[in-house]
Every structure is written in C-alpha cells, then in structure tokens.
Amino acid sequence: MKKATNENFHYKTGQIVVVGTSAGGLNALVSLIQQLPKDFSAPVLIVMHISPDATGDVLLNTLNKYGKLKCVHAVHGKPVKAGYIYLAPSDHHLMIEETGHLHVTKGAQENRSRPGIDPLFRSAAVAFGNRVTGIILTGYLDDGTAGLIAIHRCGGTCIVQDPNEAQYPDMPKNALNQVKADYCVPIAEMGGILAMLMERIPGIQKAIPEDLRREAKIAERVLSDLTSVNSLGEQVPFNCPGCGGVLWKMDKGPMSRYRCHTGHAYTAASLLAAQKEKMEETMWIALRMFEERKNLLITVAQEKKGATSRLAAERASLSQVHIDRIRAILLADDKATTSDLPI
C-alpha cells in the first residue's frame, strides 16, 4: 500500500497529530485545543477513555465550545482534513489508514480499553511515519506508551505532558519511563510547539518496522489472525483475561507486551490489573456458591434426622470455613497498585 505523503491529502503539510488521554482528560484537552488556530494545518485525532455506554457528546460539545477547530465524531471511511478534530466514538477503536481515511472498528480491547490509545498511535506511526506527532496527557496506568514507542520507532515526534502538572500523572510518567520524548512540557507550551512542527519539512522517511505493520493490521480486524500473532513473539503460560486464550509475549522495543490471537493486547501493568479484576470476580462467585451450599446443607440438617442431619451439619460448618477464608481475601487491604509495581 502506498505510503502517506502530502499528495495523498487535501492539505499541504501531510502531517497529523494524535492525542491520548484518560482520567482528567476533559480539562487537559480544552487547555490544548484552545491554543490551536482555526487554520491549523493538520487534522487532530483524539482518544479519551470513556464509558462504553457514554455518547461522547460532552467532550464533543465542550471542545466545539472552547476551541477554534471543528470537532466531530470519527466516522469510518471518511478522509481526514486539516483544521478538524476527530474524536474516537465510545466503545470503538479509532485508527488512521495509509490512504488518510479513518478506520473505526469495534475490535478487541487493548489495555482493557476501547477506544484504546495504542491502536490509534500505532496506526498513525505506520501510515504517517515521521509526519506524525503523538501527545500523551493525564491518565491512569500506561495506555499510549506502546503507541508512543511506535511513533518514536517510525521517526515521529513524541510530546508528553509534564507529570508534575498532570491531574493523574501515571500515563505521562509511564511514557517517559519507556520513551525518550522530544518534548516533556506543560500543556500551555504545546500549542507553540505544534505550530513550529507544522512549519517543518520532514526528512527522509525511515523504513517502517514490519512488526508494527503486522500489529496495525491485527488491530484493524475483528477476526482472529493466528499466523500474524505467531510472528510477533513467543507463547507464554498466561491466559488472556479478555477471552481465555493463549497469550504471546512481544519484546520489540523497550517494553514487553502481551497479545492474544483474537486481538486483546496488554502491557504488563494492564495485564496485572486485568488478572486482579478476574480473580476478584471469580472469588465473589465462589463466595456466593459456598454460601448457597451452606444454606442448603443447613436446611437439610434441619429437615433430616440421624446421620444424614449430622453429616449435613458438618459439611455446613466446613463450608463456613471456606466462606471465612474467601471473605478474608476479598476484604484484605491491598494497598499496592499496578502503577506502583517496578515493571
């Protein structure tokens, strides 16, 4: 497929800006978008983590109210235009194709999120190479870090919000721990940097790494692609929390990640968080089942006589032992978070 160049689009620079944020993102995005002039010479694509059942209209209306650029929900197949902001729809990934057209899909979650920041950043890196600028703002955990690594590997520009001013510094901190950002600045300085970058003439494009091309293709599909995932890494003895399938460990770049053949993808931190969530869910199910078993055994002990009654009462007492153990685990105060872990 032909590489994205100036000639592919209806605007001069052929550049693109992609932005990722999560918790605290509304105020951060307003601060950023307010700085961009009406004639900004590139499209801006944004992923902010929102609830699957949200409409996204609050973010859309807020950016239209306070910004000078036209803000719209991304529509699959539409070409991007300079001076427009495209928002990822809720519960859908947003990506950009090498032809400059939007790709919106309800693919597998990445880092427990849909929309995910990594799919957008990765697709932009593959399609635009050194003409893409990626920006990471406030948020929890580390979605966007792998995508920013992809942008860096393809010669693009990486901008990270100064964690000291971020409302939730996890995402900026994790990005800075893995990527040598071109700029780590407060949001107030990003508008000037973007204006400068839009005036540049990008150099010769380096070759796009093949593993990034494969991952971008996997993310575009809803169907399984076992052959592609096999080429990205080695199988590991962990199951995917999203579907129960086998995971592959990918070691390309400075951080390890995990992906299953249906498309779910995780950093180590997001995988640990997903495992913990599944474990808690399983424990609550086990607690309910043991309590139901105990109540049934008590009923049997009360209704029957002799050995049957005694045996049922003994089993009810044993069930209570298991119930107390499970409750102790569920109520334990686990103060360590995934963002605290040295990974």
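Refer to the structure presented above.
Residues numbered from 1 in each chain as written. Predicted model: local features only at pLDDT ≥ 70, side-chain atom pairs only at ≥ 80, totals over all residues. Heavy atoms only, no water.

J.: Can you walk me through the environment of K180 in this structure?
T.: Tracing the backbone shows K180 in the loop between α5 (170-178) and β9 (183-185). Distance from K180 to T99, taken between C-alpha atoms, is 29 Å for residues 81 residues apart in sequence. (Helix = DSSP H or I, 4+ residues; strand = E, 2+ residues; numbered from the N terminus.)

J.: Even after reading the chapter, I still don't get the pattern of salt bridges, so can you show me in this structure?
T.: Close approach of charged atoms lets side chains of opposite charge pair. Applying the stated criterion across every chain yields a total of 14 salt bridges. Residue E292 pairs with R288 through a salt bridge whose shortest N-O separation is 3.2 Å. Of this pair, E292 and R288 both sit in helix α9 (residues 268-303), four residues apart, roughly one helical turn. Residue R288 is classed as partly exposed on the basis of its relative accessible area, which comes to 41%. Ionic pairing is found between R327 and E291, a salt bridge with its closest N-O pair at 2.6 Å. Residue R327 is located in helix α10 (residues 306-331), and its partner E291 is located in helix α9; the two are separated by 36 residues in the primary sequence. (Salt bridge = Lys/Arg side-chain N within 4 Å of Asp/Glu carboxyl O. Buried < 20%, exposed > 50% of the residue type's maximum accessible area, 1.4 Å probe, protein only.)

J.: Explanation requested: empty space enclosed by the protein in the structure shown.
T.: With a probe scaled to a water molecule rolled over the atoms, the places where space remains empty come into view. Under the definition given, this model contains three cavities of 30 Å³ or more. The calculated volume of the largest cavity comes to roughly 140 Å³. Lining the largest cavity are 14 residues, with R153, L212, E215, K252 and R257 positioned closest to its centre. Sorting the residues of the lining of the largest cavity by element identifies α4 (145-153) and α7 (210-220) as the ones contributing at least two each. Per-class residue counts for the lining of the largest cavity are seven nonpolar, one polar and six charged. In terms of lining residues, the second largest cavity is bounded by I46, V47, M48, I50, T55, G56, L59, H73, L87, A88, P89 and S90. Counting residues per element, the lining of the second largest cavity draws most heavily on strand β2 (residues 44-48), at three residues. Of the residues belonging to the lining of the second largest cavity, the class tally is eight nonpolar, four polar and no charged. (1 Å grid on protein atoms, 1.4 Å probe; cavity = no way out; pocket = protein on both sides within 12 Å on 5 of 7 lines; lining within 4 Å. Points joined across faces, edges and corners; volume = space filled by probe spheres on them. Nonpolar A, V, L, I, M, F, W, Y, C, P; charged D, E, K, R; others polar.)

J.: For this particular structure, what's the right way to read the sheet that holds strand β11 (residues 246-250)?
T.: Sheets are built from strands that pair by backbone hydrogen bonding, the pairs being arranged parallel or antiparallel. A sheet is described by the order of its strands in space; here four strands give the open sequence β10-β11-β12-β13, paired in antiparallel fashion. Each edge of the sheet is formed by a strand with only one pairing partner; in this case those strands are β10 (234-239) and β13 (265-267). Taken over all neighbouring pairs, the strand axes of this sheet differ in orientation by 35° on average, direction set aside. Bridge analysis of β10 against β11 gives four bridges, and the strand direction is antiparallel. Its bridge partner lying in β11, V236 is registered against L247. (Pairing = 2+ DSSP bridges. Axes fitted to C-alpha atoms, helices over the stretch in contact; angles between N-to-C directions.)

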